[in-house]
Amino acid sequence: MSDIMTAKDLNLWYDQTQALKNVSIKIPEKSITAFIGPSGCGKSTFLKTLNRMNDLIPSVKITGEVCYNGQNIYDSSVDVNELRREIGMVFQKPNPFPMSIYDNIAYGPRTHGIKSKVKLDEIVEQSLRDAAIWDEVKDRLKKNALGMSGGQQQRLCIARALAVKPKILLMDEPTSALDPISTSRIEELAIELKKSYTIVIVTHNMQQAVRISDNTAFFLLGELIEYGETEKLFSQPVDKRTEDYITGRFG
Amino acid sequence: MKKNKTIERAIHGVFLILGLLTVGCVLLITIYLVISGIPAIAEIGLFDFLFGTEWASTAAEPKYGILPFILTSVYGTAGAILIGVPIGFFAAVYLSKMANQKVKAFMEGAVSLLAGIPSVVYGLVGMLVLVPAVREIFDIPDGASLFSAIIVLAIMILPSIIKVSMTALEAVPKEYEDASLALGATPVETYFRVSAPAAKSGIAAAVVLGVGRAIGEAMAVMMVSGNVPNMPSLFQSVRFLTTAVASEMSYSSGLQQQALFSIALVLFLFIMLINATLNFFLKKEKD
């Protein structure tokens, strides 16, 4: 499998505090890559550098490079809106817009210039089907999305991200606010989606990483400590710190 | 250990009385206005009073039609909203979402100052600068007109519109904006397609508050509108509901004075309606 995304010597500072230290990683296409590590280890920060969501924080400074399909996304010629369209994101807390289910999904395509009702209907249905929520919502597309359960909202957010046809889906602890049943539905969905998309998921839950990911990266204090096949990382960790973390000695 | 509840109760009682004082004032004014406003309407006739197009209170055969005032107030307010709301809304979007901290602090200070300027000063500047300018630009005999009043009102309502809209826009959860940006929308698209719709109740409240300020303003509009009871026309001297009361009260008597109370009652009903609308939007914003 080819690598769709690579980071090289990535450093990131919030003001004076260094949050990422020389992170280098290669993320293979159409697979699930999990980032694990204790709170404050930099895994979410690193995830956000992959679609430049950190740009929104004024005090952030970044050095090194992140390449998507061979292009450094921090190059000044890169259109960040175009980039985020290719690299979608699902957040920790489900964050549907306060509008109808239909309008939530249609928001991205409309933003990118699709006006035809027929085309939008098609995208909305397909995205909701892909996110395995179509059957639950097809009769209430005009209802406000905020009336759905948390788990449904999160799948709606996944559908919304899929509607702009991204290549990569970044998920920032997408199940941390959800109950176990909703969590397992999102996990099943992620496994289904990796047939067509590359998924990078930050998770607090090591069992989740084991259950769904192909590769796992362990972060600690802003450093990438160990990265490799999930099965191998959890059964025979190379680094002592990885072993300590996955066996529950800290974190 | 026995708690001394007497002091607690006493303080509770004092605060309750202070609170009721406000309610009492509102009630008193309402009752007073209704009692003193009804007789003239009864004598003139509700229809002739509200829809009469001529106001000649000091004529040998006096006429008490307040339609010119009602329409002037409505048109003046509508004009001020038409001009003030877009300016105020865009300024609020800029200040709450785009401006950097320094610019924001400076401009917010300026907006607060604008809110604090006494209306007589608005009137004075309007009289000395705006009215002659309107006369020159539009080549009319007198610049004191509905148009000048609209411009002054539009400026006067800006602070309320900007501040209330800003509060609403700033209260929009950042998660909504993040979601939009993560879908590849530009920041400007995000502000107008996500933030503004999410803040719509608050922005509507800002507009209604602006309506309230505009319709209740007396001094500034009296100084720039010419204060002649014509049926409203953009470049003619006009008189508002507020200024109709203010300009004749000092020398009025008898039915004329009673009619002025009736005008105040009509104005009061307008304000009540606006307040009810405002509360409706504020309540919606809360939900």
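Residues numbered from 1 in each chain as written. Chains lettered and ligands numbered in written order. Predicted model: local features only at pLDDT ≥ 70, side-chain atom pairs only at ≥ 80, totals over all residues.

1. A look at the overall build of chain B
Item 1. In terms of helices and strands, chain B carries 12 helices and 2 strands.
Item 2. For chain B, the sequential pattern of α-helices and β-strands runs α-α-β-β-α-α-α-α-α-α-α-α-α-α.
Item 3. Its C-alpha atoms put chain B at 75 × 70 × 30 Å along the principal axes.
Item 4. Taken over 287 residues, chain B has a buried fraction of 41%.
Item 5. For chain B, long-range pairs separated by at least 24 residues make up 72% of all intrachain contacts whose partners lie at least 6 apart in sequence. (Helix = DSSP H or I, 4+ residues; strand = E, 2+ residues; numbered from the N terminus. Buried ≥ 20, exposed ≤ 12 C-beta atoms within 10 Å, placed from the backbone. Contact = placed C-beta atoms within 7 Å.)

2. A closer look at the overall build of chain A
Item 1. A count of helices and strands for chain A gives 10 helices and 10 strands.
Item 2. With the C-alpha coordinates aligned to their principal axes, the bounding extent of chain A is approximately 55 × 45 × 35 Å.
Item 3. Counting the 251 residues in chain A, one finds 46% classified as buried.

3. Observations concerning the sheet that holds strand β8 (residues 198-202) of chain A
Residues and elements named next belong to chain A.
Item 1. Strand order in the open sheet formed by 6 strands is β6-β7-β8-β3-β9-β10, and the pairing between neighbours is mixed. Sheet topology places β6 (87-90) and β10 (223-229) at the edges, where each strand pairs with a single neighbour. Each neighbouring strand pair of the sheet contributes to a mean axis angle of 15 degrees, computed without reference to strand direction.
Item 2. The pairing of strand β9 (residues 215-220) with β10 spans 6 bridges and is antiparallel. In the sheet register, Asn-215 faces β10, and the bridge partner there is Glu-229.
Item 3. Relative to β6, helix α6 (residues 150-162) is tilted by about 170 degrees, and along the sheet it contacts β6 and β7 (168-172). (Pairing = 2+ DSSP bridges. Axes fitted to C-alpha atoms, helices over the stretch in contact; angles between N-to-C directions.)

4. Some remarks on the nonpolar core
Item 1. Grouped together as the largest cluster of nonpolar side chains are 150 residues, with contacts concentrated most on Val-152, Leu-153 and Ile-263 of chain B.
Item 2. Not counting chain neighbours up to four residues away, the residues in contact with Ile-263 of chain B comprise Ile-66, Phe-69, Leu-241, Ala-244 and Val-245 of chain B. (Core = buried A, V, L, I, M, F, W, Y, C linked by C-beta atoms within 7 Å.)

5. With respect to the sheet that holds strand β4 (residues 60-68) of chain A
All names here are of chain A.
Item 1. Spatial ordering of the open sheet is given by β2-β1-β4-β5, a layout of 4 strands whose pairing is antiparallel. Only two strands of the sheet have a single neighbouring strand rather than two, namely β2 (17-28) and β5 (71-72).
Item 2. By the bridge criterion, 8 bridges tie strand β1 (residues 3-14) to β4 in an arrangement that is antiparallel. Looking at β4, one finds that Met-5 is bridged to Tyr-68.

6. Some words on the interface of chain A and chain B
Item 1. Counting residues at the interface gives 22 residues for chain A and 14 residues for chain B.
Item 2. Residue assignment for the side of chain A that touches chain B shows that the elements contributing at least two residues are α2 (80-86), β6, α3 (101-111) and α6 of chain A.
Item 3. Top element by residues in the side of chain A that touches chain B is α2 of chain A. It accounts for 4 residues.
Item 4. Taken together, the residues of the side of chain A that touches chain B sort by class into 10 nonpolar, 7 polar and 5 charged. (Nonpolar A, V, L, I, M, F, W, Y, C, P; charged D, E, K, R; others polar.)

7. Structural notes on the pairing of β7 of chain A
Every other side chain in a regular strand lies on the same face of the sheet, so the side chains alternate between the two faces.
Residues and elements named next belong to chain A.
Item 1. Of all 5 residues in β7, 5 are buried, a share of seventy percent or more.
Item 2. Neither face of β7 is left uncovered, since the one carrying Ile-168, Leu-170 and Asp-172 and the one carrying Leu-169 and Met-171 both have all their residues buried.
Item 3. The pairing of β7 with β8 spans 5 bridges and is classified as parallel. Along β8, the bridge assignment pairs Asp-172 with Val-202.
Item 4. Handedness of the β-α-β unit built from β7, helix α7 (residues 180-193) and β8 comes out right-handed. (Right-handed = clockwise from strand over helix to strand, strands pointing away.)

8. Structural notes on helix α1 (residues 5-44) of chain B
Residue and element names in this part refer to chain B.
Item 1. With 40 residues, α1 should reach 58 Å at 1.5 Å per residue; the first-to-last C-alpha distance of 58 Å fits that figure.
Item 2. Along α1, the largest kink reaches about 25 degrees and is centred on Ile-38; proline Pro-39 follows within four residues of it.
Item 3. Sparse coverage of α1 is indicated by the burial of 4 of its 40 residues.
Item 4. Taken together, the buried positions of α1 are occupied by Gly-37, Ala-40, Ile-41 and Ile-44.
Item 5. At the C-terminal side of α1, Gly-45 shows a positive phi close to 100 degrees. (Expected span 1.5 Å × (residues − 1). Bend = angle between axes of the 7 residues up to and from the residue.)

9. Quick word on the environment of Ile-105 of chain A
Residue and element names in this part refer to chain A.
Item 1. As for its position among the elements, Ile-105 is in helix α3.
Item 2. By the C-beta count within 10 Å, which is 31 here, Ile-105 ends up buried.
Item 3. In the structure, Ile-105 is positioned 106 residues away from Arg-211 in sequence and 28 Å away in space, judged by C-alpha atoms.
Item 4. Here Ile-105 is in contact with Val-124, Ser-127, Leu-128, Ala-159, Arg-160 and Ala-163, once residues within four sequence places are set aside.

10. Overview of unusual backbone geometry
Residue and element names in this part refer to chain A.
Item 1. Positive phi is not limited to glycine here, since Asp-15 has a value of about 50 degrees.
Item 2. Its place among the elements puts Asp-15 in the loop between β1 and β2.
Item 3. One non-glycine residue with positive phi stands out, namely Ala-132, at about 55 degrees.
Item 4. Position of Ala-132 among the secondary structure elements: in the loop between α4 (117-130) and α5 (134-137).
Item 5. Take Ala-132: there are 17 C-beta atoms within 10 Å of it, and that puts it in the partly exposed class.

By themselves, these observations are geometric and do not establish any function.
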